[in-house]
Every structure is written in C-alpha cells, then in structure tokens.
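Commentary on secondary and tertiary structure
Residue strings, one per chain:
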Number of protein chains: 2
Amino acid sequence: MPKTLLPAEPGTGPAESLREIIENQGLEAAQERLKSYPPHVIADELARMDAVDAGVAFRLLPKDRALAVFEELEPVDQQQILEGLRDRSFLDLVEGMDPDDRARMLKEAPATIVRRVLEGLSPNERRMTSALLGYPEGSVGRSMTPELVALPQDVTVRQALRTVRAEGADAETVYTLPVVDSGRRLTGVVELRELVLNPLDTPVSELVVTEPASAYATDSAESAARLMRETNDINLPVIDSENRLVGLFTIDDAVEVIEAADTEDVARQSGSAPWAGHYMATTVWQLARYRALWLSLLLVAATLTVGVTQAFEATLEQAASLALFIPMLIGAGGNAGAQAATACVRALAVGEVRGSDLLKVIWREFRVGLVLGSMLAVLGLVVGTVFVSAKVALVVGITLVLICGWAATIGGTMPLLARRLRIDPAVVSAPMVTTLVDATGLILYFVTAKAVLGI
Amino acid sequence: MPKTLLPAEPGTGPAESLREIIENQGLEAAQERLKSYPPHVIADELARMDAVDAGVAFRLLPKDRALAVFEELEPVDQQQILEGLRDRSFLDLVEGMDPDDRARMLKEAPATIVRRVLEGLSPNERRMTSALLGYPEGSVGRSMTPELVALPQDVTVRQALRTVRAEGADAETVYTLPVVDSGRRLTGVVELRELVLNPLDTPVSELVVTEPASAYATDSAESAARLMRETNDINLPVIDSENRLVGLFTIDDAVEVIEAADTEDVARQSGSAPWAGHYMATTVWQLARYRALWLSLLLVAATLTVGVTQAFEATLEQAASLALFIPMLIGAGGNAGAQAATACVRALAVGEVRGSDLLKVIWREFRVGLVLGSMLAVLGLVVGTVFVSAKVALVVGITLVLICGWAATIGGTMPLLARRLRIDPAVVSAPMVTTLVDATGLILYFVTAKAVLGI
C-alpha cells in the first residue's frame, strides 16, 4: 500500500500520536509502530512533541532510519534531538548529514552545539561545513551542496560517465553536471540524461548547455530559488565572483527556501515576527513574543486615531450619530488598503512588479480604489439612510470613495517604497497600512462631515 | 557572463522594456535584443505587455526560442499569444508543449481554443492531453506527465539502461524510473542515479525503493506537492485507484503548484479573490472585480458595528469620550485576530496543524490573546489617562485584555472550523475575523464601560 499520508490533509498522520503509543503500550509497541511510517511522517510526529518526549521517541529508531528521520526535521528540532544524544549516536548523525543541511542546522544552533559538531566531524566534512558557514546568512552559498561531479570540457560521453561512476557516490546529485575549464570556471552544464541517451563516443561539448542559469554564492537564496522556478532547472550551479564553480543549489533546498520565504511574508503581513519551528511545538509564551512587538507598535500608532477623534470632538458632539459609522468606515479603508498591500507584496515577491514600477502601481491602485469606493458608496448611502438620515448617508458615501482611493494608493505604495529602501516589503504589512489609514481616514470622514453638514 | 537576472530583485530585467525597444529602435533591433535574454526573462517581458504588443513581440522570436519562451508563460498569456497566431506556428507550439503544460493551458482556455488545439494535435499527443483533461481540476492527474519510462521488475541494470535509451527521448524525465509488475501496478521506484553508479549486471530489484511515496491521480495537486517537499523526491509516481501507474508528478510542476497555492492563500487572507495572470498586465477593472465581492461583503458585515454602536448610543452620550478609543480598540482586536488567523491558516497549509487539533489550538490562542491583551492593557492605561481620565483608562485597559483574548481565540478557531467544513481555511480570512471581532469587540467595550463607569 503506497504511503500517501498527507499531513496537510485532515485526520491523516498516525491515528494515535507516538506519545500516546508510548504511554499506553510502552516502548516496544512504539518501536514496532515506528517501522511502519515513512521518515517524514515520523519527523512530523517528533516535531509535535516537547523536547523530552521527542528525544525518547527518537532513540527508539533503528540506526539506519534515525538519519533519514533526522534529515526531515527542522533545524530547531534537530538541535533539541542532538542535545539529548550521547556522543556515538550524536556523531553518526552529524557525520551523516549533507553539508548544506548541517550548515543550516548550525546556523541557528547555540555555540556549544556548533563546537561539539565541528569537533566531531571528519576533516573533510568539517572543511566543507565551515566553507558553507563562511557565506552570509540567507545566501545561496549557505544552502548549496559542495558535493557535486564537475566535468572537464573536452571529454566524450564515455569518459564523462566514467567520471560520474568514480565520483558520483559521494555527490548529493549527479543529474546536473557542471562543465568547467582548467581554472574551474563554469563554462556550461550537461544533464546526466544527455549522457545516458547519447552514443558513448559523442563529445560532451555537443551536449553541453553554454551560458547556463547560475547564481553567485553571495546571491540571496530566495532569488536563486525563484530563478530556478522560472528556468525549471532541478539544480543551479553556484559560482564565486571569479565565476569559479563552488557548488550546486538543489531543487529540494530551493523549495524549502521558497516555502520559508512565503511563510515569513505571510507572518509579516499579519504583523507578527516570522519564526522557525512547528506551530504546535511552540509555547504560548513564544507565540506571544513573536506577536507582541508589532501589536504594541500598532497600538501606539493607533493612538493617532484617539488624537484625531479628540481634535474633532466638537464635530462629534454636534452630530453624535457620526460615531456610529466610525468602525465601518475605517474598517472599509483598512480592508481596501490591505488588499492593495498584499497584492503588491506578493507581486514583488514573485517578480511581477519591480521597484521601478512605483508610479505605475500608484496610478493603478488609486483608480482601483476609486472604483471600489464608488461601489461601496452605494451600500454606504443605504446604510446611512436606514440608520440615521440622507444627509449623514451622503457623508458616509463620499467618505467611502475618498477612503478607498486613499487606502488602495497607500497600500500599493508602501511595499514598493520599502523595496526601494531595501526593507522587506512584507514588513510594511497590511496592519501597518490599516493603522495608518485608520487615522487619516478619520480626518477624511470628519472633514467631509463638516463640509456636508455645514458644521 | 552567467545569466543571474533575478526579476524578484529591484532594477533587474532588461533595462528597456521590449515595448520601448520596438517603438524606439524598430523590430530589427528588438529581434537582435531578444537573442540576448534567457527565455524566462523574455516571457516576463511579454507578460507585462498587453495582448497586441505581446503578440507582435512573440512573432519576432526565432522558431527554436519561441517554444522555450512560450513554455515559460502563464496559461492566460499563452492563450493570448495563441489567439494571435496563424495555423502553422500555432500548431508547432501546441504540438511542442508537454502534455501537462498543454492541459494546464487548456483548463482555462475558451472552448474555441480548446477545439482548435485538440484538432491540431497528432493522435498520440491528443490522446495524452485528453487523458489529463479527464482528471478533476486541481488534481495531480491534471499536472502529471504521462511521458515516462517504466521498468519491469526482473531486469538487470544493463537491460534497464537499454530501456531508458530506447524510450527516454520522449519522456519528460528519466531520473525517476517507476518499476511495475505485469499488470502495470506500481511496485517500486529506481533512480537513474543508481543505474549509472552500479555494475551493469546488478539486478534492478536490488536497487529499487519499494513502497515509494506516491499519489493517486485524483489527490489534490497541492497535497502531492507538499508531500514531495517533505520526502525531497524530484518526481512522484501517480497511480490510479487500482495502483496502476498513470504518470509522474515532476518537481518543477510541484513548485508551480505550491507557489500558486501560496499566492491564492495570501490573496484570500487579504479578502480578495485569487487570480491567474500578471499583476502589471491585469486591468484596473479586473483588479477591482477580484476585490469587489469581499470588500462589499465585509462592508455589509460591518453594518453590525453600526447597529451595536447605536444600541449603546445612550452610553456614548453619557460618556462621549468613549468614542475616542473606538478605532484604537477595534484596531487592536482586529490585529490580534489577524495574527492568530494567519498563523493557523499557514500552519494548516503546511500541515503543522490538523483539523483534530481544534481544541488544543483554541486553548493555545486564548492564552496567547490574554498574554498580549494584558501587555497592551498597560499601554492602554497610559493612553487613556493621558487623553481622558483614570476611570476611562481602566475601561480601555480591561477591554484590551478581553478583546485580545476573544480575537485570538476566534482567529485561531475559524480556519480550523473551515477545514472541518471542507472550506478553504484561507477563505475565513483575516479581514473576516477582523470584521467579526469589530462588532463583538464594541459590545465588550460598552459593557465594560457601563460596569466600570456605573452607567
């Protein structure tokens, strides 16, 4: 029976949690059970447990499966597991990891772990790992694999295949074979597919793709990953500033990078700090901490609305019914702004919009806002008339047009400005736009009210 | 010089847009220029143009590049291009496409195009395409490739490689070789890597991975893609209900599916309908249409707040200063709710949270909300005292605790309830939670006020 357990679907994953099995049926049973699930499912179970339980469960795994499961874990969980292990099994794990996975784990690990790991490694593995750690955080260099098979330029398919057989065992992938000159400068790429499908005496030069897509080791991993998405390559050669080949960025790592980036954007856009680790395994205090800063900043920013409302207190006293529509109006403005902000952040992320499109985007969103505002105005007129009077309804209607036009413009502009200022556009998040629009929207509302109601 | 043009970065992409080049320097120059960019960059340029310009520019491409560029385009853009082409070049393109790409394009194409395409295809291509179109929309069946190389169970590496050479040319990938029994039922998978690295007389059975991860053709493409992300496979075998092999889901398509799903979630979470196509190429009217429905629904929902405020109008008249804090309080509640909703939608999407976690999530988010609320309450006390009085400040502080606890709980609950009701959790979007919290938050506020101020 094929393993199609899809944790993203409801009710999948082991019916009983590992923890329950351990408690109710003992270690023996749990050990049995573990054999029947693919590594990624076990990893997901471990990630849902607290450090202690996860450690216990992990030690139940047979040696050969332990590494497979370990590689599926998030860096934070990997550290927890490692901290609980005795030297022998500790070393087996870290020695067995791919250099790039190891580097990713060490990036976030406490110094003690880092030292323990590096000291435990064989010289060769240690050299590769330190090399990766030498590249800036978030760069392709950090996520690439140095374990690849490179080919010289002037060989036949026969010779190339011999090289692959000789060196392929240690390589993370042999499907993309970079071709380099005597100075190890990247001159092209040949797919293993071509070697297998063509006659043995074909010169590799006839099969090579010259000017392949590639990335500099210092490029951001996210941009490199999105480049791979566009070129549909399964491996991207990584080069240094002299165009010398230093590694391959594999698609599985690219997918992780894209997912991480999207998760981060989503978190940022809801005004919360992005975090590593499993939602169910994060403590309440941690969750609160990730959200606290933004929430407080937004509240402080929101005091603007208090000031604005106070400035127009006289107007409110003369027409108390104006207060009724405050939540609805700033809500509409907030939503219109959030829609525009989210659309633009996403368009920037996937490369549909560039910093240079700023003016075009402003003009687009301004018109979109007016269209939507005019539409809402109709509803506003009805609501206003029903609850209060035609005159107040008119105020509400006009305000909706103004607020939506203004909100969409701000929402579309902020992310692009952020990008220009080299700030992550997602940080200029929907709630930030909303809060800004709340205060300014109130001004539009009260000014319109004074004009229309003549007070 | 390596092509590291990363459209996601500012200031990249051709300095001049193709359109400008055509206008200023004529077709000749444009044709020259097109030679110097990789297909995905040209595709991005075309996507930014209107249908007419894109058609003109596309026809400038030399025959061999045309297909490469065409394959990089989004389905909607592909249709625009096709509509503008004469039969010969039209047929070259559709015949040259991979069956799954073709199916994806036809999925969204008008009937006329579909007929024209299917009639133009060679019998074999037509058969494969219609087969894919037979699977439900959004299923793996739609996005898989039927062009693969399958191996019988009892062959040696030598025989297997011969099969690959014989059939590999037409296959979309030869890196993952499904192993099937006489009834074409999937029994395992062997990587081309293993065939290349092992002696020619090794029985394939020794290299095969039995019980490989796989998906049913009717499974959702998104879940299959997320499964591949967890297993790090570059190709996922797709089987029918009798476990017969029907295709391979390739990683490049999986990445597209994940990106599309994330884009959709992001759009939904900002209360806007997801759309296909390029932001810069979408008209103002289209953008407005995607956002109009939700915006109106939210406004209608927001009339609740008008009703609530009116119900407490007496309270407002006795303590007019209460109006000052309405925007700030509902803003805080909205933000707290949005944070929780977004975190849970994402956790569901990546499979960290399951429908069965509902109660755990409620309890988690409720406590997170109280923690955050108590923190904001301190700020609220200060603001309240500064602007009005200690007594009103007390009302504001207490309300913040209540609103945040309530908002986070709602925000965490709605996505999971949606999942249980088989609704896309992202649809229960942040703005929906916000609007709900606005109205209920006002009640909490006024009730607290009456209690504390004794009115």
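Given the structure is predicted, the values throughout are model-derived calculations rather than measurements.

**Brief notes about the confidence of the model for chain A**
Residues and elements named next belong to chain A. Per-residue pLDDT for chain A has a mean of 86; in total, 95% of the residues score no lower than 70. Confidence drops under pLDDT 50 across residues 1–14; counting only partners more than four residues distant or on other chains, this segment forms 46 contacts. Confidence metrics for the complex model read pTM 0.80 and ipTM 0.79.

**Some points on the UniProt feature "transmembrane region" (unreviewed entry) in chain A**
Residues and elements named next belong to chain A. UniProt tags residues 292–312, 324–348, 368–388, 394–414 and 426–447 as "transmembrane region" (unreviewed entry). In residues 292–312, helix accounts for 95% and strand for 0%; the two terminal C-alpha atoms are 31 Å from one another. The span residues 368–388 carries 95% helix and 0% strand; its end-to-end C-alpha distance comes to 29 Å.

**Description of the nonpolar core**
Tyr279(A), Phe325(A), Tyr279(B) and Phe325(B) are the most contacted members of the largest nonpolar core, which totals 106 residues. Those residues in contact with Tyr279(B) that lie beyond four places of it in its chain are Ala343(A), Cys344(A), Ala347(A), Glu352(A), Val353(A), Val361(A), Arg364(A), Glu365(A), Leu287(B) and Arg291(B). Core analysis: the next-biggest nonpolar cluster, separate from the first, contains 79 residues, Leu151(A), Val196(A), Ile258(A) and Leu177(B) among them.

**So, the sheet that holds strand 2 (residues 176–180) of chain B**
Residue and element names in this part refer to chain B. The mixed open sheet is built from four strands, whose spatial order is 1-2-3-4. At either margin of the open sheet sits one strand with a lone partner, and together these are strand 1 (151–152) and strand 4 (209–210). Inspection of the sheet shows strand 1 paired to strand 2 by two bridges, in the parallel sense. The residue of strand 2 that forms the bridge with Pro152 is Val180.

**Description of helix 8 (residues 111–120) of chain A**
Residues and elements named next belong to chain A. Residues Ile113, Val114 and Val117 constitute the buried set of helix 8. What you see down the axis of helix 8 is that its buried residues fit within an arc of 100°, all on one side. With respect to the buried face of helix 8, the exposed residues turned more than 90 degrees away are Ala111, Thr112 and Glu119. Turning to helix 8, the residues buried within the fold contact helix 5 (75–83), helix 6 (87–96) and helix 7 (99–108).

**A word on the UniProt feature "domain: CBS" (unreviewed entry) in chain A**
When the UniProt feature table is mapped onto this chain numbering, "domain: CBS" (unreviewed entry) sits at residues 144–206 and 208–266 of chain A. Split by type, residues 208–266 of chain A is 46% helix and 25% strand. Its first and last C-alpha atoms lie 40 Å apart.

**A closer look at the domain arrangement of chain A**
All names here are of chain A. Taken domain by domain, chain A comprises domain 1 (18–136), domain 2 (151–259) and domain 3 (302–453). For domain 1 and domain 2, the distance between their C-alpha centroids amounts to 30 Å. At the boundary of domain 1 with domain 2, total buried surface from both sides reaches about 430 Å², with 45% on carbon and sulfur atoms. Summed over the shared surface of domain 1 and domain 2, the number is one salt bridge.

**Quick word on the relation of the copies chain A and chain B**
The two copies are related by a screw motion: chain A maps onto chain B through a turn of 180° and a shift of 0.0 Å along the axis, at an RMSD of 0.0 Å. Such a combination of turn and shift is consistent with a two-fold rotation axis. An overlap of 99% is found between the interface residues of chain A and their copies at the interface of chain B, pointing to a shared contact surface.

**Thoughts on the packing of helix 1 (residues 18–35) of chain B against helix 3 (residues 51–59) of chain B**
All names here are of chain B. Axis separation between helix 1 and helix 3 bottoms out at 10 Å; the angle between their running directions is 25°. Here helix 3 runs roughly parallel to helix 1, going by the angle between their axes. On helix 3, the residues that touch Leu18, Arg19, Ile22, Leu27 and Leu34 of helix 1 are Asp53, Val56 and Ala57.

**Points about unusual backbone geometry**
Its identity as a non-glycine residue notwithstanding, Glu211(A) has a phi of 50°, on the positive side. Within the element layout of this structure, Glu211(A) appears in the loop between strand 4 (209–210) and strand 5 (215–216). One non-glycine residue, Arg422(B), lies in the positive phi region at around 60°. Looking at the secondary structure, you find Arg422(B) in the loop between helix 19 (390–420) and helix 20 (430–453). For Arg422(B), a relative accessible area of 68% translates into the label exposed.

**Points about the side chain of Thr399(A)**
Residues and elements named next belong to chain A. One can find Thr399 in helix 19 (residues 390–420). Overall, Thr399 belongs to the buried group, its relative accessible area being 0%. In terms of polar contacts, Thr399 uses its side chain to reach the backbone carbonyl oxygen of Val395, at 2.6 Å. Beyond its immediate stretch of four places on either side in the chain, Thr399 contacts Leu329, Leu444, Tyr445 and Thr448.

**Quick notes on the pattern of salt bridges**
Within the structure shown, the criterion is met by 38 salt bridges over all chains. Note that Glu125(B) is salt-bridged to Arg102(B), the shortest N-O span being 2.7 Å. Taken together, the positions of Glu125(B) in helix 9 (residues 123–133) and Arg102(B) in helix 7 (residues 99–108) put the pair 23 residues apart, joining distant regions of the chain. Each member of the salt-bridge network shares a partner with another, and the members are Glu222(A), Arg226(A), Arg229(A), Asp262(A), Arg346(A), Glu256(B) and Glu259(B).

**Description of the interface of chain A and chain B**
Frequently, the measure chosen for interface size is the accessible area that the parts lose on association. Contacts between chain A and chain B engage 140 residues on the former and 140 residues on the latter. Here chain A and chain B share an interface that buries about 12200 Å² over both sides, 62% of which is from carbon and sulfur atoms. When the buried surface of chain A facing chain B is broken down by residue, Tyr279(A), Arg354(A) and Arg364(A) rank first, second and third, together holding 6% of it. For the pair chain A and chain B, the interface holds 16 salt bridges. The shortest N-O distance in the salt bridge between Arg346(A) and Glu259(B) comes to 3.5 Å. Between the two partners, chain A and chain B, sit 49 residue pairs in polar contact (both at pLDDT 80 or more). With 19 residues, helix 15 (residues 284–311) of chain A is the single largest residue contributor to the side of chain A that touches chain B.

What counts and what doesn't
Residues numbered from 1 in each chain as written. Chains lettered and ligands numbered in written order. Predicted model: local features only at pLDDT ≥ 70, side-chain atom pairs only at ≥ 80, totals over all residues. Heavy atoms only, no water. pLDDT = per-residue confidence, 0-100. Contact = heavy atoms within 4.5 Å. UniProt positions renumbered as here; feature names shortened; annotations may be inferred. Helix = DSSP H or I, 4+ residues; strand = E, 2+ residues; numbered from the N terminus. Core = buried A, V, L, I, M, F, W, Y, C linked by side-chain atoms within 4.5 Å. Buried < 20%, exposed > 50% of the residue type's maximum accessible area, 1.4 Å probe, protein only. Pairing = 2+ DSSP bridges. Arc of directions from axis to C-beta. Domains from an automatic or database assignment. Buried area = accessible area lost by both parts, 1.4 Å probe. Salt bridge = Lys/Arg side-chain N within 4 Å of Asp/Glu carboxyl O. Least-squares fit on C-alpha atoms with pLDDT ≥ 70 in both. Axes fitted to C-alpha atoms, helices over the stretch in contact; angles between N-to-C directions. Parallel < 35°, antiparallel > 145°, perpendicular 65-115°, else oblique. Polar contact = N/O pair within 3.5 Å; in protein donor to acceptor, adjacent residues only side chain to side chain.

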